[in-house]
Amino acid sequence: MEWTKKLTAACDCTIKWSQVMTTAWSNQKSPMLASGSVPDISIAAFDPSDADKVPVFEDLNQHMDQLPNVAKFFKEQPNAKKLAQTPSGSVYVLPSSRGQQFYGSGQHMLINKTWLDKLGLQIPKTWDELENVLEAFKTQDPNGNGKADEIPMNIKKFDTTGFGPDWYNTFLLLNSLGIVTHFNSGPSQQGIYVKDGKVGNFMATDEFKTVVKYLHELMSKGLIPSDALTKDASKYNAELSSDGKTALTGVAFAYAATDFGDLSDEYVAMPAPAGPGMSADDVTWDGSVETTMFQNNKLAVRAGDEHMDAVLKIVNELYDPDVSVQQFYGSSPEYVTKKDDKTYELTQKVYDSTERVGLGGESAAGWIPNDVTVNNIDYLTSFRAADDVYAEQYKHFDLTKDTMPDYVRPSDTDSTTISNNDTQMFDYAMPVISRWIVSGGVDNEFDDFVSKLKTLGMDDTVALWQKWYDKYTK
Amino acid sequence: MSGAQKNTRKRIIAGAAMACAAATMLAGCGSDTAGGDKPQIEILVVTQLTPSPPPRWSGPRS
């Protein structure tokens, strides 16, 4: 049965569906919240911070006995529950989970394996080995075209607002020194890190200085292009895919081999190489591993709804695993084949369709349990090939003690303070960091840099994040 | 909910909302007929129209 029909069967009601495009919703959300008039059920429309501001949503935590599928979801994935839960335990907006297949960071370090094989080299395990490999890429014409056109290591221009929003920041190399980044989301993009429960800003650490020095060394030796920090993203991306025949790039941070277009077969992900003095057992990788699994803004119910029983039956049915799979990927049997209770497969019609056939991770409000597998998801193949390489390094840290979990949510007031401080800090910091990488000088200027960041609010920001980290995790 | 509130919401989403029958991703949702005294539940879904599946599902959290 198509999943929408299962909902009406479960609630013994009729359902009036309204669908709004994401682009239009950005203009409609605030007026709807201000009006206090929200639909019986909203999907992918509101997030927990909206519920903090306007008391128009039902606390679903009080209805868990009528939501057994949601209760099972929260039992299996306590961090997903925390994404939705207020410090007092209320749950106004339910999250979703796409299941274990989506566990992992979206950011990886890719290397041209074809070049390595041609030159008889191994995947580098340390920074020294990486530098030697890059030197070979630069001097030994691994793409075989007779030109010295190889880009041994390509890095992206920095965002002006920190280390994140545009992804694939080269400071992922902090993981080589045991500082766990969380660059898919959250305050790690503004330098916040956590080590054994203590919050800090990595821009003030020796590890940060060490990465800057290493990048400068690589750039000064021509192993990173001298214009890397000024060239447009479009040029960077064009260099990754090259002409589809002759690769130009040796090493780059990217999502997966598919970022290299027709040359994707030449690339593999590599674990973070160990920095100076680091044991391989202490090297980590980006801790944004649950950000792609969970979404925190998936389902809200109007407070005091006059048909609450029917509404709760619909909500519970949406979180049924079978309904959830169909929500994410498309209705069964046309787009999804159920092989057995734990195994599904997308049909070819998913890929033949010119329209979107499922709500996808952006909109589906559901729960795919960890023991359910959905086969034939083409974009998962490249993701898993890249991310599985980091399985060992993911074991080298604790998600709660060594990262800022996505569920830690400062108050509006503190968020404003943090945002203002961050703006001041990064207006100053990013040009300085870029200059260090291009021209050097970090050793002489680092102490003054840290002092300046303190005057711009770094310590206050760290203290606020520590306060909210403690509130949510202890 | 008052009638005035419902009208406000209708105005807010008018123009951008589409009936479910037109959306492949909500296949089948338009086939149920309103029945007698059964309650009617309104569900709003905010979606993207980009082809499925997306080339990359991750990104900064909204």
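A quick note: this is a predicted structure, and the numbers were derived from the prediction, not measured. By convention here, each chain's residues receive numbers from 1 onward along its written sequence. Each chain takes a letter, starting from A, and each ligand takes a number, starting from 1, following the order in which they are written. Where local features are concerned, this predicted model is filtered to residues with pLDDT of at least 70; where side-chain atom pairs are given and counted, the filter is 80 or more; whole-chain, interface and lining totals use all residues. Computation of side-chain values: all heavy atoms of the structure, hydrogens and water removed.

J.: Can you tell me about the sheet that holds strand β5 (residues 151-154) of chain A, naming the residues and giving the values?
T.: Residue and element names in this part refer to chain A. One open sheet holds the four strands; their spatial order is β5-β8-β4-β9, and the pairing between them is mixed. Every interior strand has two partners, whereas the edge strands, β5 and β9 (267-269), have only one. Across the sheet, the mean angle separating the axes of adjacent strands is 20° when strand polarity is ignored. Of the pairings in the sheet, the one linking strand β4 (residues 108-112) to β9 comprises three bridges and is antiparallel in character. The partner of Asn 112 across the bridge, within β9, is Tyr 267. Criterion used throughout: strands pair if DSSP finds at least two bridges between them. For the purposes of this entry, the term helix denotes a DSSP run of H or I that reaches at least four residues, the term strand denotes a run of E that reaches at least two, and both are numbered from the N terminus. To obtain each axis, a line is fitted to C-alpha atoms, and for helices this fit is confined to the stretch in contact; angles are then taken between N-to-C directions over 0 to 180 degrees.

J.: An account of the domain arrangement of chain A is needed here, citing residue identities and associated values.
T.: Residues and elements named next belong to chain A. Looking at chain A, the domain boundaries give domain 1 (2-99 + 291-331 + 350-367), domain 2 (108-290 + 388-395) and domain 3 (412-473). How far each domain reaches was decided by an automatic or database domain assignment. The distance between the C-alpha centroids of domain 2 and domain 3 comes to 23 Å. Overall, the association of domain 2 and domain 3 removes approximately 2200 Å² of surface from exposure, summing both partners, and the carbon and sulfur fraction of that is 77%. Note on definitions: salt bridges are taken to be side-chain nitrogens of Lys or Arg within 4 Å of carboxyl oxygens of Asp or Glu. Notably, a salt bridge pairs Asp 443 with Lys 213, separated by 3.2 Å at the nearest N-O pair. As used in this structure description, the phrase polar contact means that two N or O atoms lie within 3.5 Å; if the pair is within protein, one of them must be able to donate a hydrogen and the other to accept it, and residues adjacent in sequence are counted only when both atoms belong to side chains. Along the contact surface separating domain 2 from domain 3 lie five residue pairs in polar contact (both at pLDDT 80 or more). Contributions of two or more residues to the side of domain 2 that touches domain 3 are made by β6 (192-195), β7 (198-201) and α8 (206-220). Top element by residues in the side of domain 2 that touches domain 3 is α8. It accounts for seven residues. Along the lines of polarity and charge, the residues of the side of domain 2 that touches domain 3 split into 14 nonpolar, eleven polar and four charged. Using a 1.4 Å probe, buried area is obtained as the accessible area two parts lose upon being combined, added over both of them. Residues are sorted three ways: Asp, Glu, Lys and Arg are charged, Ala, Val, Leu, Ile, Met, Phe, Trp, Tyr, Cys and Pro are nonpolar, and all the rest, Gly among them, are polar.

J.: Please set out the pattern of salt bridges residue by residue, giving values where relevant.
T.: All names here are of chain A. Enumeration according to the criterion identifies 27 salt bridges over all chains in this entry. Here Lys 29 ties to Asp 47 by a salt bridge, and the two come within 4.0 Å at their closest N and O atoms. Here Asp 47 lies in the loop between β2 (41-43) and α3 (48-53) and Lys 29 lies in helix α2 (residues 22-35), a separation of 18 residues in the sequence. Here Asp 322 ties to Lys 338 by a salt bridge, and the two come within 3.4 Å at their closest N and O atoms. Placement of the pair is Asp 322 in helix α11 (residues 321-329) and Lys 338 in strand β11 (residues 336-340), with a sequence separation of 16 residues. Each residue's exposure class comes from its accessible area (1.4 Å probe, protein chains only) as a fraction of the maximum for that residue type: buried when under 20%, exposed when over 50%, partly exposed otherwise. For Lys 338, a relative accessible area of 42% gives the class partly exposed. Connected through salt bridges with shared partners, the residues Lys 6, Asp 322, Lys 338 and Asp 341 form a single ionic network.

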